Amino acid sequence: MELHHQKHHQTYVNNLNAALSAHVSATQTNDVSALIGLQQKIRFNGGGHINHSLFWKNLAPPNTPGNDISSAAPTLREAIVSQWGSESAFVKAFNTLLLSLQGSGWGWLVSTGGPRGRLEIITTKDQDPIVGPDVPVFGVDMWEHAYYLQVSMKTLYLCSNTLTENDIKYLNNKAGYVDGIWNIINWAEAEKRYTAGVESLLKL
Ligand SMILES: [Fe+2]
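Residues numbered from 1 in each chain as written. Predicted model: local features only at pLDDT ≥ 70, side-chain atom pairs only at ≥ 80, totals over all residues. Heavy atoms only, no water.

1. Some details on the pattern of salt bridges
- Inspection of every chain in the model, using the stated rule, returns 5 salt bridges.
- The closest approach of N and O atoms between arginine 118 and glutamate 120, which form a salt bridge, is 2.7 Å.
- Of the charged contacts in the structure, one is a salt bridge between glutamate 189 and arginine 193, with a shortest N-O distance of 2.9 Å. One end of the pair, glutamate 189, and the other, arginine 193, are both in helix 8 (residues 187-196), 4 residues apart, so they sit about a helical turn from each other. (Salt bridge = Lys/Arg side-chain N within 4 Å of Asp/Glu carboxyl O. Helix = DSSP H or I, 4+ residues; strand = E, 2+ residues; numbered from the N terminus.)

This is the structure in structure tokens:
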């Protein structure tokens, strides 16, 4: 997670800042061609920054009060049980959809149309963010960089004591990562987003 935050997320931030700066220049010179060319960079890197900013906040260390859905997210829990029948049925549906995602992307619990809306589990490709009136209640990064350290890192572990078993916990075990994510979901943050939205979080 440290590598993910310091390297991967930082790259989206750097690239977004460069694209926004180029956008200002292109606007000043009325360079329409350059403006169009920058749109995809802004979408990809801006989406990457928004998605990761939401992701870090919707995680909490295991065995902390935020992890307990019953006490931390009573309103959201009621809506989940009302729609899926039980917490376990919801988790099963979420995991199944996440593992069906091909390539890079994200899994989301979304409140459609705004806070306290009908809940939906959806996936988005690459770094496409949840926009518009829909509220991303929580997201799970399904890019390989979220769980799969490179073999060279494993080699480094085997040759030194600088990493622990947890640093190379999942590797290619995508299902293990998806199962494990439930131990660190920040239900207190999810409840806040479900009941009040994320508008304040998206003004980055
Ligand atoms: Fe990521």
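2. A closer look at the coordination of the iron ion
- Here the iron ion is held by the protein donor atoms His4 (NE2), His52 (NE2), Asp141 (OD) and His145 (NE2), which lie 1.9 to 2.1 Å from it.
- Look at where the donors of the iron ion fall in the sequence and you get H-x47-H-x88-D-x3-H. Separated by 89 residues along the polypeptide, histidine 52 in helix 2 (residues 32-57) and aspartate 141 in strand 3 (residues 135-141) bring together distant segments of the chain. This pair shows no difference in class: histidine 52 is buried, exactly as aspartate 141 is. (Donors = N, O, S within 2.8 Å, 3.2 Å for Na, K, Ca; no water. Buried < 20%, exposed > 50% of the residue type's maximum accessible area, 1.4 Å probe, protein only.)

3. Considering the side chain of asparagine 51
- Secondary-structure assignment places asparagine 51 in helix 2.
- Only 3.2 Å separates the side chain of asparagine 51 from the backbone oxygen of glutamine 127, close enough to count as a polar contact. (Polar contact = N/O pair within 3.5 Å; in protein donor to acceptor, adjacent residues only side chain to side chain.)

4. Some remarks on the packing of helix 5 (residues 87-100) against helix 7 (residues 174-181)
- As a packed pair, helix 5 and helix 7 sit with axes 10 Å apart at the nearest point and diverge in direction by 145°. For helix 5 against helix 7, the interelement crossing comes out right-handed. Across the interface between the two elements, Asn95, Leu98 and Leu99 from helix 5 touch Lys174, Ala175, Val178 and Asp179 from helix 7.
- In terms of residue class, the contact of helix 5 with helix 7 is made up of 4 nonpolar, 1 polar and 2 charged. (Axes fitted to C-alpha atoms, helices over the stretch in contact; angles between N-to-C directions. Left-handed = near helix turned anticlockwise from the far one by under 90°. Contact = heavy atoms within 4.5 Å. Nonpolar A, V, L, I, M, F, W, Y, C, P; charged D, E, K, R; others polar.)

5. Side note on helix 4 (residues 74-84)
- When we look at burial in helix 4, the residues that qualify are Leu76, Ala79 and Ile80. Buried residues of helix 4, seen end-on, are gathered within an arc of 100° and therefore sit on one face of the element. Of the exposed residues in helix 4, the ones pointing more than 90 degrees away from its buried face are Glu78 and Ser82.
- Elements that come into contact with the buried residues of helix 4 comprise helix 3 (69-72), helix 5, strand 1 (105-111), strand 2 (119-125), strand 3 and helix 8. (Arc of directions from axis to C-beta.)

6. Remarks on the nonpolar core
- Judged by nonpolar contacts, the single largest core of 40 residues is most densely connected at Leu76, Leu109, Phe138 and Trp187.
- Ignoring anything within four residues of it in the chain, the contact list for leucine 76 reads Leu109, Leu119, Val137, Trp187, Ala190, Glu191 and Tyr194. (Core = buried A, V, L, I, M, F, W, Y, C linked by side-chain atoms within 4.5 Å.)

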